[in-house]
Amino acid sequence: MTASRRLPDGRGYFGQFGGMFVPETLMPALKELELAYAKAQADPDFQQQFQHLCRHYIGRPTPLYAAKQLSAKIGAATILLKREDLAHTGAHKINNALGQGLLAKRMGKKRVIAETGAGQHGVAVAAVCAMLGLKCIIYMGEEDIKRQSPNVFRIKLLGGEVRPVSSGSRTLKDAINETIRDWVSNVNDSYYLLGSVVGPYPYPMIVRNFQSIIGQETKEQILATYQRLPDYLIACVGGGSNAIGLFHPFFSQKSVKFIGVEAAGKGLATDKHAASLAVGKVGVLHGTKSYLLQDDNGQIMPTHSIAPGLDYPGVGPEHSYYKETGRATYVAVSDTQALEGFKLLSHTEGIIPALEPAHAIYYTAELAAGLPSDKLIVVNLSGRGDKDLDIVYQAEGREL
Ligand SMILES: *Cc1c(COP(=O)(O)O)cnc(C)c1O
């Protein structure tokens, strides 16, 4: 047992972060979930079912690809890409959707509810629900429905129902509020399948553990090929699930540096970004205590990022803990820089990344340029770019 495997503590905290800030009516449901998850985790049949579907449904293990052309262009450290873009439905989201879908089924729940921002989590949940025979309802902000219409169509094709959310800024934050509201009213037969390492305990732990398959595979793959651990792990941070999934299995290996990349949007000096860890303050949102973007009155601020999956005013409590203890470093990359990262990877490796990991690619290129060639960097390529072609076209289609 490593220090981090014992976190969160028995009350659901990572240091001062995390907890269960929910209405009384939800406490029994969270306790039921905690118990059901503990039993599933200890059950070899459940673990085997998850592993089997990871392999045959998701297509795991995903490759750890040596990006030789990218590395050569920068002329320094070796860059390895963890290819979550090759996972079924095109992003890492499916790892958690599958794990929690199996848990919902095991708990005898027939109705699954979930929020989605960009639609990637909604698509992953709808796919898993179709495969497991569960009813699927996805809450999505009206603004996101407009921005991400192909994903709305995919969710519907997979048999999911999309419920538009018209409150607040009509984006992810409001979709989560609506899903929580639904859960309060239908708590007995419904399973809330949360999409990132956010929300009340035990969600940040459950999502982390299912996503940790990313870091576990990375560790085996890099030891097999390079006979050593990486020097850096780099991932983009929205709610923080793909980053924690990569980082967590390396927690106790202090020589491995963790770098999380947030969205600086149009710049940290403007109010158009989503960098909760870089410039946020500690507060409570969606049932958990963590760094948030809030004004002096504690009102949640509107956020912006060119990458819809990074456009969230909070971050998982474990990242706040990693920041506070210095275990990880967090940086921010702007919309313009992310577009550079997007083109750089497309041109050098023939891989079109999602705009979210394009932030991590940009930062990696900057970092690698100043490092000696014997350094190994792993970047989590959390998703593929097909969903973002419209956004990129709008931003610079004429120049391509
Ligand atoms: C949703 C998403 C993210 C952001 O979510 P995290 O929980 O921070 O991982 C990043 N990349 C892709 C491709 C996504 O779909």
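Residues numbered from 1 in each chain as written. Predicted model: local features only at pLDDT ≥ 70, side-chain atom pairs only at ≥ 80, totals over all residues. Heavy atoms only, no water.

### What about the site of the ligand?
In step 1: Surveying the vicinity of the ligand reveals 16 residues, the closest of which are Lys-93, Ser-196, Gly-240, Ser-241 and Ser-382.
In step 2: Separating an oxygen atom of the ligand from a backbone N or O atom of Gly-238 is a distance of 2.8 Å.
In step 3: In the model, a nitrogen atom of the ligand is placed 2.8 Å from a nitrogen or oxygen of the Ser-382 side chain. (Near = heavy atom within 4 Å. Polar contact = N/O pair within 3.5 Å; in protein donor to acceptor, adjacent residues only side chain to side chain.)

### Quick notes on the sheet that holds strand 6 (residues 135-141)
In step 1: A sheet is described by the order of its strands in space; here 4 strands give the open sequence 7-6-5-8, paired in parallel fashion. With partners counted over all chains shown, the strands left at the sheet margins are strand 7 (161-165) and strand 8 (190-192), one partner each. Looking at each pair of strands side by side, their axes are set apart by 25 degrees on average, direction ignored. (Pairing = 2+ DSSP bridges. Helix = DSSP H or I, 4+ residues; strand = E, 2+ residues; numbered from the N terminus. Axes fitted to C-alpha atoms, helices over the stretch in contact; angles between N-to-C directions.)

### With respect to the side chain of Thr-348
In step 1: For Thr-348, the location among the structural elements is in helix 14 (residues 335-349).
In step 2: On the accessibility criterion, Thr-348 (14% relative accessible area) is buried.
In step 3: Looking at Thr-348, its side chain comes within polar contact range of the main-chain oxygen of Leu-344, at 2.7 Å.
In step 4: Here Thr-348 is in contact with Gln-69, Leu-70 and Lys-73, once residues within four sequence places are set aside. (Buried < 20%, exposed > 50% of the residue type's maximum accessible area, 1.4 Å probe, protein only. Contact = heavy atoms within 4.5 Å.)

### Describing the environment of His-347
In step 1: With respect to the helices and strands, His-347 occurs in helix 14.
In step 2: Once the C-alpha coordinates of His-347 and Ser-185 are considered, the two residues, 162 residues apart in sequence, prove to be 50 Å apart.

### Quick word on the sheet that holds strand 3 (residues 64-66)
In step 1: Pairing is mixed across the open sheet formed by 6 strands, whose spatial order is 3-4-14-9-10-13. Two strands bound the open sheet, and with one partner strand each, they are strand 3 and strand 13 (328-334). Across the sheet, the axes of successive neighbouring strands diverge by a mean angle of 25 degrees, strand direction being ignored.
In step 2: Relative to strand 14 (residues 376-381), strand 4 (residues 78-83) is paired through 6 bridges, and the arrangement is parallel.

### Comments concerning the pattern of salt bridges
In step 1: Counted under the stated rule, the structure contains 25 salt bridges.
In step 2: The residue Asp-85 makes a salt bridge to Arg-83 at a minimum N-O spacing of 2.9 Å.
In step 3: Among the residues examined, Arg-83 registers a relative accessible area of 12% and is labelled buried.
In step 4: Linking Asp-388 and Lys-387 is a salt bridge whose minimum nitrogen-to-oxygen distance equals 2.9 Å.
In step 5: By relative accessible area, which is 16% here, Lys-387 ends up buried.
In step 6: One continuous salt-bridge network, built from bridges that share partners, spans Arg-60, Lys-82, Glu-84 and Glu-217. (Salt bridge = Lys/Arg side-chain N within 4 Å of Asp/Glu carboxyl O.)

### Here we look at the nonpolar core
In step 1: Judged by nonpolar contacts, the single largest core of 91 residues is most densely connected at Val-125, Trp-183 and Tyr-322.
In step 2: Discounting chain neighbours no more than four positions away, the residues touching Trp-183 are Leu-26, Ala-29, Leu-30, Ile-113, Ser-190, Tyr-191, Tyr-192 and Tyr-203.
In step 3: Ala-67, Ile-74, Val-333 and Ala-338 belong to the second largest nonpolar core, which has 26 residues in total. (Core = buried A, V, L, I, M, F, W, Y, C linked by side-chain atoms within 4.5 Å.)

### Re the confidence of the model for the chain
In step 1: Confidence in the prediction for the chain averages 96 pLDDT; 98% of positions are at 70 or higher.
In step 2: Within the chain, the element-level pLDDT minimum falls on helix 6 (residues 142-147), averaging 90, and the maximum on strand 9 (residues 232-236), averaging 99. (pLDDT = per-residue confidence, 0-100.)

### Some remarks on the pairing of strand 14
In step 1: Of all 6 residues in strand 14, 6 are buried; the element is thus mostly enclosed.
In step 2: Here strand 14 shows no split at all, with Leu-376, Val-378 and Asn-380 on one side and Ile-377, Val-379 and Leu-381 on the other all buried.

### Some thoughts on the packing of aromatic side chains
In step 1: Enumeration according to the criterion identifies 11 aromatic pairs in this entry.
In step 2: Note on Phe-46 and Phe-210: the rings are 6.5 Å apart at their centroids and 50 degrees apart in plane angle, and the pair reads as tilted. Here Phe-46, found in helix 2 (residues 44-58), pairs with Phe-210, found in helix 9 (residues 203-211); they are 164 residues apart in sequence, far enough to count as distant.
In step 3: Between Phe-258 and Tyr-322, the aromatic rings sit 6.0 Å apart at their centres with planes inclined by 35 degrees, giving tilted as the arrangement. One end of the pair, Phe-258, is in strand 10 (residues 257-265); the other, Tyr-322, is in helix 13 (residues 317-325), and 64 residues separate them in sequence.
In step 4: Take Tyr-322: its relative accessible area is 0%, and that puts it in the buried class.
In step 5: In this structure an aromatic cluster arises from ring pairing among Phe-247, Phe-251, Phe-258, Tyr-321 and Tyr-322.
In step 6: Across from the ring centre of Phe-258, 3.8 Å away, lies the NZ or CZ of Arg-327, which sits over that ring. (Phe/Tyr/Trp six-rings, centres within 6.5 Å; stacked < 30°, edge-to-face > 60°. Lys NZ or Arg CZ within 6 Å of the ring centre and 35° of its normal.)

### Quick notes on the pairing of strand 12 (residues 288-292)
In step 1: Of all 5 residues in strand 12, 4 are buried; the element is thus mostly enclosed.
In step 2: Pairing analysis gives 5 bridges linking strand 11 (residues 281-285) to strand 12, with the strands arranged antiparallel. If you follow Val-282 over to strand 12, its bridge partner there is Tyr-291.
In step 3: The antiparallel hairpin formed by strand 11 and strand 12 contains 2 residues in its connecting segment, where His-286 sits at a positive phi of about 50 degrees.

### With respect to helix 15 (residues 355-369)
In step 1: In a regular helix each residue adds 1.5 Å, so 15 residues correspond to 21 Å; helix 15 covers 22 Å between its end C-alpha atoms and thus fits that length.
In step 2: The buried fraction of helix 15 amounts to 12 of the 15 residues, a majority that puts the element mostly inside the structure. (Expected span 1.5 Å × (residues − 1).)

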